[in-house]
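Spelled out from the first residue to the last, the chains are:
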Amino acid sequence: MTRLLCITILMMVVAASAYSQETTPSVTVKIFAELGSNVTLPCRLISKEASSFNIGIRVKWTKVAEDESLNEDVLLSMGFHKKTYGSFQDRAYLQENDNEDASLVITEVSKDDTGKYRCEIINGMEDIVQEFELEVKDGEVDGVVFPYAPYMGRYNMNYHEAVQACLDQGAVIATYEQLYEAWKDGLDWCNAGWLADASVKYPITRPRDPCGGANSEPGVRTYGIRDKMISQFDVFCYATPLKGRFYWLVQPDRLTFDEAVQACIDDGAEIAKVGHMYAAWKIENYDRCDAGWLADGSVRYPISRPRKNCSPTEAAVRLNGFPDKTVKSFGVYCYKDEQ
């Protein structure tokens, strides 16, 4: 019995040594989970054998850090022996629906579970490495994602400028999760923009030639992680529900930009920001067909009920550009914080 155990352990060590020479996989699968729910990270041994799992198989699940010396063990399985570690004790187990299933089930998912996970399977001469990126959602997204470019035009902001641009518009730079939810809700935008993790992406619901190709699948296109200082793109911002009142200021005359700013101040408010308009439009269904000044010098109007001469094909925040601020051409939208 002792000799058999030694042989089994030796086989595991040799297999593990052979595996250590494998390279990390280049494809990472994205998986989302609701806070407090259970999630399954699917991992399988692809084998020609009818019954590939045996007493000598080794399965290891690891939570991967940027510095791999800080990796966190999640679960280790060797034959009939299984062990979970740290915060995953009593919360993680192998699904084992069949002989080739090494999928990891994590129960009662928390925000701390967000991150990259690696599945390693060694079974004799066969091995498998798969990686997953788990994102834990707080629940229903209650804000709005909107694309933003400054008056200089598209692709004029590095990462730090993009972060500040969102703050200037009463919003924050969006996360990938928020953009993904917006895409599922129908956001289609062909210009690439910065996200909070310094990646650059854009959402396409209607594939077409200028936006990744007419024959491509709908989805969130990615340029990957870009240089924060050198690369220049637009940005996707995220605005939360308003804590005040967004409104069109009724005025007898059209205003210059400076007059618009002062008119809102005279009304006990401030000139509205782009984030205010998007939040009012998306969350409160604000609808008005009058183009008005906003704080960044742009002129826009929000349409939640498409109709002739007012965004006839879709609900949208329409942009009239960044006109000459000295011309009396438009009204103004104001925003008043709740007292």
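To start, this report covers the structure provided alongside it. (Residues numbered from 1 in each chain as written. Predicted model: local features only at pLDDT ≥ 70, side-chain atom pairs only at ≥ 80, totals over all residues. Heavy atoms only, no water.)

### Remarks on the overall build of the protein
A count of helical and extended segments in the protein gives five helices and 21 strands. When contacts within the protein are restricted to residue pairs at least 6 apart in sequence, those whose partners lie at least 24 apart make up 62%. Carbon and sulfur atoms make up 51% of the accessible area of the protein, which amounts to about 18,200 Å² in all. (Helix = DSSP H or I, 4+ residues; strand = E, 2+ residues; numbered from the N terminus. Contact = heavy atoms within 4.5 Å. Areas by Shrake-Rupley, 256 points an atom, 1.4 Å probe, with all protein chains shown as cover.)

### Notes on the side chain of Arg221
Looking at the secondary structure, you find Arg221 in strand β14 (residues 219-225). It is Asp188 that comes nearest to the buried, bridge-free Arg221 among opposite-charge side chains, at 7.8 Å. Within polar-contact distance, the side chain of Arg221 engages the side chain of Ser216 at 2.7 Å. In this structure, Arg221 is in contact with Val200, Lys201, Tyr202, Ile204, Pro207, Cys211, Gly212 and Ser216, ignoring residues within four places of it in sequence. (Buried < 20%, exposed > 50% of the residue type's maximum accessible area, 1.4 Å probe, protein only. Lys, Arg positive; Asp, Glu negative; His and termini not counted. Salt bridge = Lys/Arg side-chain N within 4 Å of Asp/Glu carboxyl O. Polar contact = N/O pair within 3.5 Å; in protein donor to acceptor, adjacent residues only side chain to side chain.)

### Things to note about the state of the cysteines
In this structure the tally under the stated criterion is five disulfides. The disulfide bridge from Cys43 ends at Cys119, spanning 2.1 Å between sulfur atoms. Looking down the S-S bond of the Cys43 and Cys119 bridge, the torsion is -80°, so its handedness is left-handed. In this pair, Cys43 is assigned in the loop between β2 (39-41) and β3 (58-64) and Cys119 in strand β8 (residues 115-123), connecting sequence segments 76 residues apart. Cys190 shares a disulfide with Cys211; S-S distance 1.9 Å. The S-S bond linking Cys190 to Cys211 shows a torsion near -125°; that makes this disulfide left-handed. One end of the pair, Cys190, is in the loop between α3 (176-184) and β12 (193-194); the other, Cys211, is in the loop between β13 (199-204) and β14, with 21 residues separating them in the sequence. Look at Cys190 and you get partly exposed, because its relative accessible area is 24%. Here Cys211 falls in the buried class, since its relative accessible area comes to 3%. Described in terms of the sequence order of its bonded cysteines, the disulfide pattern of the protein is 1-2, 3-6, 4-5, 7-10, 8-9. (Disulfide = S-S within 2.5 Å.)

### Considerations on α3
Of all the nine residues making up α3, seven are buried; the element is thus mostly covered by neighbouring parts of the structure. Here α3 has its buried residues at Tyr176, Glu177, Gln178, Leu179, Glu181, Ala182 and Trp183. Gly186, located one to two residues past α3, shows a positive phi value of around 110°.

### Considerations on the sheet that holds strand β9 (residues 126-137)
What the six strands build is an open sheet, ordered β1-β9-β8-β3-β4-β5; its pairing is mixed. Only two strands of the sheet have a single neighbouring strand rather than two, namely β1 (28-34) and β5 (81-84). Geometrically, the sheet is characterised by an average inter-axis angle of 20° between neighbouring strands, direction not taken into account. Taken together, the nine bridges between β8 and β9 define a ladder with antiparallel strand orientation. In the sheet register, Gly115 faces β9, and the bridge partner there is Leu134. In the packing of α3 onto the sheet, contacts are made with β1 and β9, and the angle to β9 comes to roughly 80°. (Pairing = 2+ DSSP bridges. Axes fitted to C-alpha atoms, helices over the stretch in contact; angles between N-to-C directions.)

### Let's talk about the pattern of salt bridges
This model, assessed by the stated rule, comprises 16 salt bridges. The salt bridge partner of Lys116 is Glu131, with a shortest N-O separation of 3.8 Å. With Lys116 in strand β8 and Glu131 in strand β9, this residue pair connects regions lying 15 residues apart in the sequence. A relative accessible area of 3% means that Glu131 is categorised as buried. Across the pair Arg118 and Glu131 runs a salt bridge, and its minimum N-O distance is 2.7 Å. Of this pair, Arg118 sits in strand β8 while Glu131 sits in strand β9, and the two are 13 residues apart along the sequence. The burial state of Arg118 is the same as that of Glu131; both residues are buried. Within the structure, one salt-bridge network assembled from shared partners comprises Glu68, Lys116, Arg118 and Glu131.

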